[in-house]
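For reference, the chains in residue letters:
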Amino acid sequence: MWQLALRTLKFRRTSFVATFLAMFLGAAIVIGCGGLMETGVRMAADPQRLQGAPVVVTGEQSYGSTALTERHRIDPGLVGTVAKADGVRAAVPDVSFPATVLKDGKPLTGKSDSYGHGWAGARLTPYTLAAGASPAAGGEVVLDSGLARRAGARPGSTVGIVVQGTARPFRVAGIAEQHGDGNPDAAVFFTDDEARHLAGGRIDSIGVLPAPGTSVAAVADAVRSAVGDRAEVLTGERRGLAELPGTLASKRTVVILAAVFGSSVVLIVMFGVASTLGLALQQRAREMALLRAVGSTPKQLRRMILSETAVLSVGSVLLALLPGWAIGRMLFAVLTSSGVVSSEIVYHAGWIPMAVGAVVTVLAAAGATRFAGRKAARTEPVAALAESTAANSWFSVTRLLLALFFLANGIGLAVATATVMEDGPTLASTAGPASVLFCIGLALLAPGITKAMVALLRLPVRAFSGLSGRLALRNAATANVRMAGAVAPIVLLIGIATGTLYMQSTEDHVSRTSYDRNVLADYVLDSTTGGFAPDVVDRVRSAPGVAAASEFVTSRGFVDRPGGPAQVDLRGVSADGVRGSLDLPAVAGSLADLSGNTVALSDKKAREYGVKVGDRLPMHLGDGTAVHPTVVALYTDNPKQQYLTLPAAALAPHTDDGLPHQILVRAAAGNAAQVHDQLAALAARVPGTELDDSSSLAGRNNQIQQILVSANYTIVAMIVGYAAITVVNTLVAVTRKRQAEFGLQRLTGATRAQVIGMLTVEGLLIAVIATVLGTIASATTIVPYSLVKSGSYLPSGSIGTYLAIVGGSLLLVFGATLLPSWRGMRTPAVESVKAA
């Protein structure tokens, strides 16, 4: 049987190459998504500045089951506790805070590229003195050699450094040289006391150096026992997470992204492999019938088909391992470049995603073999020979049940999106797969739907296409299963591409416009040196023509509820300027009271949390700090901008940098130009300050909201590309199989132009039917998503997107049918018929 299977593969190269490509590309994409999933689950980062510490103690970076978005600093008292643990030679405290070196009054480094540390932490990288001495008193620093070179500094010289939003002069005590393989950010070392003071009194991490002869694992266990639940102990490649506060918050994003798209890819791959293999078996119906007629049993035919499939699937999986790893690496690079995860996170793709890709491909092939091959294997020889001529039987109870299953689930997800899901980051996780499931359901029923739609199109086709149209209609009526095989993958392509692209354009539009309406400010000052000192906003307010100015801080926190913490967006503002900077119409209380330990929220959120003005709201801020602010105001709910508002002075200390990074400024009527000039002059006097209009703030918010756009588009492009390849495989295989048919037509008097005309009409029929079905399928994603996002049944975005998708599908159809047909008809008609 294996020998027969191999000989069959040898003599049917065209159809089996198409099947092999479907399996190969499918396995590679599934392996790539699996690698992304494994990376998100493991979420590890090689240490940079802490590479000299085999064990690192840092703050717990999660609250409940949700990761914190800001650094959770720890009590300095833990240093002594860790130092007393068994096997610990030294416990070195480490702090980090923005410290930007100036040259000629301008920052040497970009935003968040330079940090200050205590000199004790230099040994953790390690850094050693290359010149001068260590800092011995306040006002002295040690610069790393790269930073010193760029600043033109040497021991004994003075440099300006921005710390806590203020530029101060510091004496350079020494120059430090880095050793090791890490690539830490530019470092400025202060005395340990001054560094701790500048960092707010708490420490970030503790680097643990084991005693000689002590194993790292034993020391880590001893330290865990010593610190208990007051801190987290990291070893190996997870040590790098201590340098990347907020990184674990992206773990959920990466895992959800990989799961949502991975599940869609698995379905599409299974469908693609099944349809391609099913088409190949369908084209061999006459061969199967002849084998049954000469005495082959159904069991023997099933074994032969299964053997052929096993050879193809195993070979395709083995060849897909390396490309699959590369695809996963490419997806991860897109995530890091778009800011979803830090570039320091280590990409992992072990044997698990490889195994998943292999199993999915093999199961898809085996399922397709069983589904498509059982009819040929079971049919009686005489009936099989008769049936192979028409090859038009397609309906079965199993096929109907599967179609209803996929259609029902697609509709169910669409209904859930529109009625159950709230507007949020998980909305796309139900909206996106709806069109995929619906597409597959329609594809399973495609033969019947195609036959019905061809009947509806009969009159206009006959009226406008003459003889070529009549030939095309005849073929479509007698070979609706074959035409449906070409329609199905195009439905998948149009449905997924249209649904996903318009879902994204709707998200972009709603996010941008809702933020534009919420921000009343005309200008925004942005700090690139770690934030603004408290006096800067007062200087802005005193500028002529300024109507309002407010500090602006963004973060995420948690509202403590009986059912568990609810993650919410937080905004920090200044009470004196918030009413002129943000559109927050008060319905109870006053935003002017927003100072100290207070909070304001929308009336809808207040009802959800069961609070009113005067009540205390139990919360945890982004760094895990528990607070109970008093509700001082309720404002009108904005469903697209749902955040809690706190005083900037209360929220900023609980962010990584500890200061507000933006100041929103509104000009008095008729004073916009004057205010712009005033702010430009102020920005020139405050190092690292950039001035822009408020649209840039909306753009940055849109970038935050849409941080996954490039990743979404990349993965969708892969899915659509796979669907496109399936389309080409299917159409080319069908067209080449029909070369004998074209030869007979030419022998009976048809010209090449008439045959090409017939194929053109057939292509138009395929395109029209697939476009209608694909558009219907895409509506299961677009309509509910748009309803939730904008209250409209229609999505936002240009009609050009839809036309481009349909036009691209037309090009694929005609390119994959007309080109191989034209090339095939260069062979004499008699030879084409003889070769059949």
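Conventions used here
Every residue gets a number counted from 1 within its own chain, in the order that chain's sequence is written. Since the coordinates come from a predicted model, pLDDT governs what is reported: local features require at least 70, and pairs of side-chain atoms require 80 or more to be given and counted, while whole-chain, interface and lining totals use all residues. Calculated side-chain values reflect all of the structure's heavy atoms, with hydrogen atoms and water omitted. A helix here means a DSSP run of H or I that spans at least four residues, while a strand means a run of E at least two residues long, and both kinds are numbered starting from the N terminus. Throughout, exposure labels follow a simple rule: accessible area from a 1.4 Å probe, protein chains only, divided by the maximum for the residue type, with under 20% read as buried, over 50% as exposed, and the rest as partly exposed. A 1.4 Å probe and the Shrake-Rupley method give the accessible areas. Residues count as covered only by the protein chains that appear here. In what follows, a contact means two residues having at least one pair of non-hydrogen atoms within 4.5 Å. We call Phe, Tyr and Trp rings a pair once their centres come within 6.5 Å, taking the six-membered ring for Trp, and we label the pair stacked below 30 degrees between planes, edge-to-face above 60, and tilted otherwise. Nonpolar core, defined: a set of buried Ala, Val, Leu, Ile, Met, Phe, Trp, Tyr and Cys residues in which side-chain atoms within 4.5 Å join the residues together. Whenever a helix is involved, its axis is fitted only over the stretch in contact; in every case the axis is a line through C-alpha atoms, and angles between N-to-C directions fall within 0 to 180 degrees. Note that the term roughly parallel is reserved for angles under 35 degrees, roughly antiparallel for angles over 145, roughly perpendicular for angles of 65 to 115, and oblique for everything else. Whether two strands pair comes down to DSSP finding at least two bridges between them. Scored between 0 and 100, pLDDT is the confidence that the predictor attaches to each residue. Nonpolar side chains (Val, Leu, Ile, Met, Phe, Trp, Tyr) are joined into patches within 5 Å and like charges within 9 Å, using only residues with over 30% relative accessible area and no salt bridge. In the sections that follow, a salt bridge refers to a side-chain nitrogen of Lys or Arg positioned within 4 Å of a carboxyl oxygen of Asp or Glu. Positive charges are assigned to Lys and Arg, negative charges to Asp and Glu, while His and the chain termini are left out of the count. Every charge is mapped to an atom, namely NZ of Lys, CZ of Arg, CG of Asp or CD of Glu. Picture the helix axis, draw a direction to every C-beta atom, and the arc is the one those directions span.

### Brief notes about the overall build of the chain
On a plain count of helices and strands, the chain comes out with 26 helices and 26 strands. Here the chain holds 836 residues, and 52% of them are scored as buried. A total of about 34400 Å² of accessible surface is found on the chain, and carbon and sulfur atoms cover 59% of it.

### Focus: the side chain of E762
Looking at the secondary structure, you find E762 in helix α24 (residues 752–790). Setting aside chain neighbours within four positions, we find E762 in contact with A472, N475, M483 and R738.

### Points about the packing of aromatic side chains
Throughout the structure, instances matching the rule amount to nine aromatic pairs. Here F97 and F190 contribute two aromatic rings whose centre-to-centre distance is 5.4 Å and whose plane-to-plane angle is 45°, an arrangement assigned as tilted. Here F97, found in strand β5 (residues 97–98), pairs with F190, found in strand β13 (residues 186–190); they are 93 residues apart in sequence, far enough to count as distant. With respect to burial, F97 and F190 carry one shared label: buried. Plain terms: the ring middles of Y127 and F189 are 5.1 Å apart, the flat faces sit at 70° to each other, and that makes the pair edge-to-face.

### As for the nonpolar core
Ranked by size, the top nonpolar core spans 96 residues in total, and within it L36, V273, V341, I345 and V487 carry the most contacts. For this core, the element with the highest residue contribution is helix α15 (residues 480–518), accounting for eleven residues. Counting residues in hydrophobic clusters, the runner-up holds 42 residues, among them V57, V79, V82 and L198.

### Points about the side chain of D204
You can see D204 is positioned in the loop between α5 (192–198) and β14 (205–210). Once residues lying within four places of it in the same chain are set aside, the contact partners of D204 are V57, T58, G59, R71, R73, I74, D94, V95 and S96.

### Observations regarding the packing of helix α12 (residues 397–419) against α24
One way to put it is that α12 packs onto α24 with a least axis distance of 8 Å and a crossing angle of 10°. With respect to α24, the axis of α12 lies roughly parallel. Contacts between α12 and α24 pair A414, T417 and A418 from the former with T780, P784, Y785 and V788 from the latter.

### Observations regarding the sheet that holds strand β4 (residues 88–94)
The strands making up a sheet associate through backbone hydrogen bonding, with each pair oriented either parallel or antiparallel. If you trace the four strands from one edge of the open sheet to the other, you get β4-β14-β1-β15, paired in antiparallel fashion. The outermost strands of the open sheet, each flanked by one partner alone, are β4 and β15 (232–235). Going across the sheet, the axis of each strand differs from the next one's by a mean of 25°, ignoring polarity. By the bridge criterion, four bridges tie strand β1 (residues 55–58) to β15 in an arrangement that is antiparallel. Bridge pairing links T58 to E232 in β15.

### Description of the confidence of the model for the chain
Overall, the prediction assigns the chain a mean pLDDT of 83, with 89% of residues at 70 or greater. Confidence drops under pLDDT 50 across residues 702–707; counting only partners more than four residues distant or on other chains, this segment forms eleven contacts.

### A few points about a nonpolar patch on the surface
Together, F395, V397, L400, L401 and L404 give the surface a local cluster of nonpolar side chains, amounting to about 480 Å² of exposed area. With respect to the helices, strands and loops of the structure, V397 is situated in helix α12.

### What about unusual backbone geometry?
The step from T125 to P126 runs through a cis peptide bond, and the omega angle for that step is 0°. Positive phi is not limited to glycine here, since M43 has a value of about 40°. Within the element layout of this structure, M43 appears in the loop between α2 (13–42) and β1. Although it is not a glycine, D104 adopts a positive phi angle of roughly 55°. Residue D104 is classed as exposed on the basis of its relative accessible area of 74%.

### Structural notes on a negative patch on the surface
Where like charges cluster on the molecular surface, the negative patch consists of D522, E690, D692 and D693. The topology assignment puts D693 in strand β26 (residues 689–693). Given the relative accessible area of 34%, D693 is considered partly exposed.

### Examining a positive patch on the surface
Where like charges cluster on the molecular surface, the positive patch consists of K299, R302, R303 and R370. Ranked by residues supplied to the positive patch, first place goes to helix α9 (residues 298–337) with three residues. For R302, the position within the fold is in helix α9.

### Structural notes on the pairing of strand β16 (residues 523–527)
Remember that side chains alternate between the two faces of the sheet whenever the strand is regular. Extensive coverage of β16 is indicated by the burial of five of its five residues. Here β16 pairs with strand β25 (residues 662–667) via four bridges, running antiparallel. Note on β25: the bridge partner recorded for D526 is Q662. Of the strand pairs in this sheet, β16 and β26 are connected by five bridges, and their pairing is antiparallel. Residue pairing across strands places L525 opposite L691, the latter belonging to β26.

### What to know about the pattern of salt bridges
Counted according to the given criterion, the structure contains 16 salt bridges. In this structure, the salt-bridge partner of R561 is E608, at a minimum N-O distance of 3.2 Å. One end of the pair, R561, is in the loop between β17 (546–559) and β18 (566–573); the other, E608, is in helix α18 (residues 603–609), and 47 residues separate them in sequence. For E608, a relative accessible area of 39% gives the class partly exposed. Among the ionic pairs, D615 bridges to K612, the shortest N-O distance being 3.6 Å. Residue D615 is classed as partly exposed on the basis of its relative accessible area of 23%.

### Focus on helix α16 (residues 534–541)
Listed as buried for α16 are V536, V537 and V540. Each buried residue of α16 lies within a common arc of 95° when the element is viewed along its axis, so the set occupies one face. Of the surrounding secondary structure, the elements contacted by the buried residues of α16 are β16, β17, β25 and α20 (672–685).

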